[in-house]
Amino acid sequence: MNRDEGPNVSQGGVEAISKPAESVRNGKSCLGGSQPQPALNEDLLARVLAPENLEAAWKQVRRNKGAPGVDGVTIEDYPQWARKHWAATRRALEGGYYVPQAIRRVDIPKSNGGSRQLGIASVNDRVIQQAIHQVLTPIINPTFSESSHGFRPGRNAHGAVKQLQGFIEKGYRVAVDVDLSKFFDRIDHDILMHRLKRHVSDKALLKLMGRYLRAGVRIGTHLHPTTEGVPQGSPLSPLLANVVLDDLDKYLEARQMKFTRYADDFTICVKSTSAGHRVMGWVSRFLTRQLKLVVNEEKSCVIKTNELTFLGFTFRGKRIRWSDKALGDFKFNIRRLTKRSWGISMKRRFYELRLYIQGWINYFGLSEYYRPLPELDHWIRRRIRMCYLKQWRKPRTRIRNLIKLGVRTQTAVSLGLSSKGPYRLAKTLATHSGMTNKWLEKQGLVSIRELWIKFHYA
């Protein structure tokens with residue numbers, strides 16, 4: 001199935017999910033025709049099941065890829081599954097008796113040694129949830145605070161970091177950093193549904209969303225009920241998280257606080273440590289009593305903004321920098337991608353490096369700290385030269401390849417016969433004069449320094 005094309009039944013696609021069973025005739029689907037738009041917050045389930053909305057939802061789920069749920073149906077298998085089962089699924093949705101499948105629970109290791117629980121819904125449920133998300137976002141999103149930046153159209157983490165920088169520039173140099181313990185796992189269902197009713201009057205849709213919250217979690221062969229929380233990884237969880245925490249945003253705005261929030265990461269800026277401790281006290285009480293969330297007292301603190309880490313960034317005075325942890329993770333992954341024992345072609349290695357470095361700089365390029373970039377480029381080039389020397393194992397092979405690259409014969413022979421390791425030899429005159437910076441660039445190596453310059457001075 002061509003991923004650039006829309007779903008198509010004749011290709012084993014999922015256009016069948018876009019229409020009731022009676023609309024699919026002779027193996028074909030008709031997506032044409034305009035439908036009158038209902039009132040903004042009425043008949044929302046009909047809008048969720050509209051052909052164009054379902055088709056867009058399927059395309060988004062397909063782009064996101066992801067593992068199968070408890071039913072084992074993969075992204076690739078889903079078009080064929082939908083042709084057989086979507087008509088019955090749609091009748092169940094319209095009749096109000098659809099029962100979502102349980103969530104498959106997996107643990108994702110964290111760099112600090114812990115783990116994060118990820119919930120994987122079936123592909124069919126992901127399509128339905130994505131369709132709900134597409135209908136509800138235009139309704140609910142405009143009501144959110146200007147200080148809420150996470151998982152919202154046209155907003156991102158950079159906006160949150162820059163907003164925090166703006167507070168620092170105005171003299172708010174003390175941060176109230178509140179950490180919510182297992183936020184997604186502890187969202188109270190009653191509180192969430194009560195807040196959803198402020199925006200959604202369609203009882204059928206509310207009932208369906210309640211069933212998704214209570215679908216249960218399958219761990220191994222055991223099914224566990226879900227009495228609280230929303231599964232991280234579902235298309236709806238970011239929107240539902242913002243719905244819950246919007247009460248916090250409005251509470252802080254009513255008190256004229258300087259704050260910024262990205263999902264459950266939020267920081268409040270004040271001008272003194274004593275004010276920070278007062279704010280910490282009443283914010284913690286609000287979260288505990290009103291939203292029934294748990295504040296992690298060990299990680300929550302009142303600190304100077306120079307000591308704050310927010311979304312992977314720190315601040316030195318008024319300037320933004322990436323955190324030490326972010327730089328450490330970068331170096332760890334560069335070492336992983338330039339391992340001498342990784343048995344892949346250099347072409348593939350350059351491809352993986354380019355993807356990682358470009359992705360890293362697209363996010364952490366917001367840092368205004370230039371000084372270490374030339375040294376990082378130098379270090380990456382040295383590791384790449386080491387990979388070539390490791391690949392050219394035999395002395396004769398090293399000598400021959402270096403001579404081809406323009407290295408003097410005597411210099412190439414001296415390196416080829418050396419007993420030093422590849423990493424030490426990667427710093428020698430022979431490797432630098434043969435594998436020049438321009439040559440490495442032609443092979444596909446990108447410069448983190450040049451990417452940073454483009455990010456700031458495009």
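In what follows, the structure referred to is the one given above.
Residues numbered from 1 in each chain as written. Predicted model: local features only at pLDDT ≥ 70, side-chain atom pairs only at ≥ 80, totals over all residues. Heavy atoms only, no water.

**So, the overall build of the protein chain**
Quick note on the threshold: A helix here means a DSSP run of H or I that spans at least four residues, while a strand means a run of E at least two residues long, and both kinds are numbered starting from the N terminus. Throughout, exposure labels follow a simple rule: accessible area from a 1.4 Å probe, protein chains only, divided by the maximum for the residue type, with under 20% read as buried, over 50% as exposed, and the rest as partly exposed. Here a residue-residue contact requires only that any non-hydrogen atoms of the pair lie within 4.5 Å. Areas reported here follow the Shrake-Rupley algorithm with a probe of radius 1.4 Å; residue values treat only the protein chains shown as occluding.
Counting secondary structure elements, the protein chain contains 18 helices and 13 strands. Considering the protein chain as a whole, with its 458 residues, one finds that 50% of them fall into the buried category. In the protein chain, of all internal contacts separated by at least 6 residues, the share reaching a separation of at least 24 is 73%. A total of about 23500 Å² of accessible surface is found on the protein chain, and carbon and sulfur atoms cover 48% of it.

**Quick notes on the packing of helix H8 (residues 237-254) against helix H9 (residues 273-289)**
To be explicit about the condition: Inter-axis angles, ranging from 0 to 180 degrees, are taken between N-to-C directions of lines fitted to C-alpha atoms, where helices are fitted over the stretch in contact. Should the near helix be turned anticlockwise from the far one by less than a right angle, the crossing is left-handed, and should it be turned clockwise, the crossing is right-handed.
Two elements in contact, H8 and H9, have axes separated by 11 Å at closest approach and are oriented at 145°. Here the hand of the crossing between H8 and H9 comes out right-handed. Every residue of H9 that contacts H8 at Asp247, Leu248, Tyr251 and Leu252 is listed here: Trp282, Val283, Phe286 and Leu287.

**Let's talk about the pattern of salt bridges**
To be explicit about the condition: Criterion for a salt bridge: a side-chain nitrogen of Lys or Arg within 4 Å of a carboxyl oxygen of Asp or Glu.
Applying the stated criterion across every chain yields a total of nine salt bridges. The residue Arg155 makes a salt bridge to Glu146 at a minimum N-O spacing of 2.6 Å. Linking Lys250 and Asp246 is a salt bridge whose minimum nitrogen-to-oxygen distance equals 2.7 Å. Of this pair, Lys250 and Asp246 both sit in helix H8, four residues apart, roughly one helical turn. By relative accessible area, Lys250 is classed as partly exposed at 34%. Shared partners join several salt bridges into a network, and the residues in it are Arg195, Arg198 and Asp247.

**Details of a positive patch on the surface**
Put simply, the rule is: Patch construction takes residues with relative accessible area above 30% that form no salt bridge. Like charges are linked within 9 Å, and nonpolar side chains (Val, Leu, Ile, Met, Phe, Trp, Tyr) are linked within 5 Å. We count Lys and Arg on the positive side and Asp and Glu on the negative side, and we leave His and both chain ends out. Charged side chains are reduced to one point each, which is NZ for Lys, CZ for Arg, CG for Asp and CD for Glu.
Residues Lys394, Arg396, Arg400 and Lys404 make up a contiguous surface patch of positive charge. Within the element layout of this structure, Arg400 appears in helix H13 (residues 395-404). What makes Arg400 partly exposed here is its relative accessible area of 40%.

**Overview of the sheet that holds strand S12 (residues 313-316)**
We apply this condition: Pairing between strands is defined by DSSP: at least two bridges between the two strands are required.
Strand order in this open sheet of three strands is S11-S12-S13, and the pairing throughout is antiparallel. Whereas interior strands pair on both sides, the edge strands pair on one side only; in this sheet they are strand S11 (309-310) and strand S13 (319-322).

**Focus: the sheet that holds strand S10 (residues 301-304)**
If you trace the four strands from one edge of the open sheet to the other, you get S8-S9-S5-S10, paired in antiparallel fashion. Strand pairing shows two members of the sheet lacking a second neighbour, strand S8 (258-262) and S10, which therefore form its edges. When the angles between neighbouring strand axes are averaged without regard to direction, this sheet yields 25°. Each of S8 and strand S9 (265-270) touches helix H5 (residues 157-169); the most contacted strand, S8, lies at about 165° to it. Against the sheet, H9 contacts strand S5 (174-178), S9 and S10, and its axis sits at roughly 20° relative to S5.

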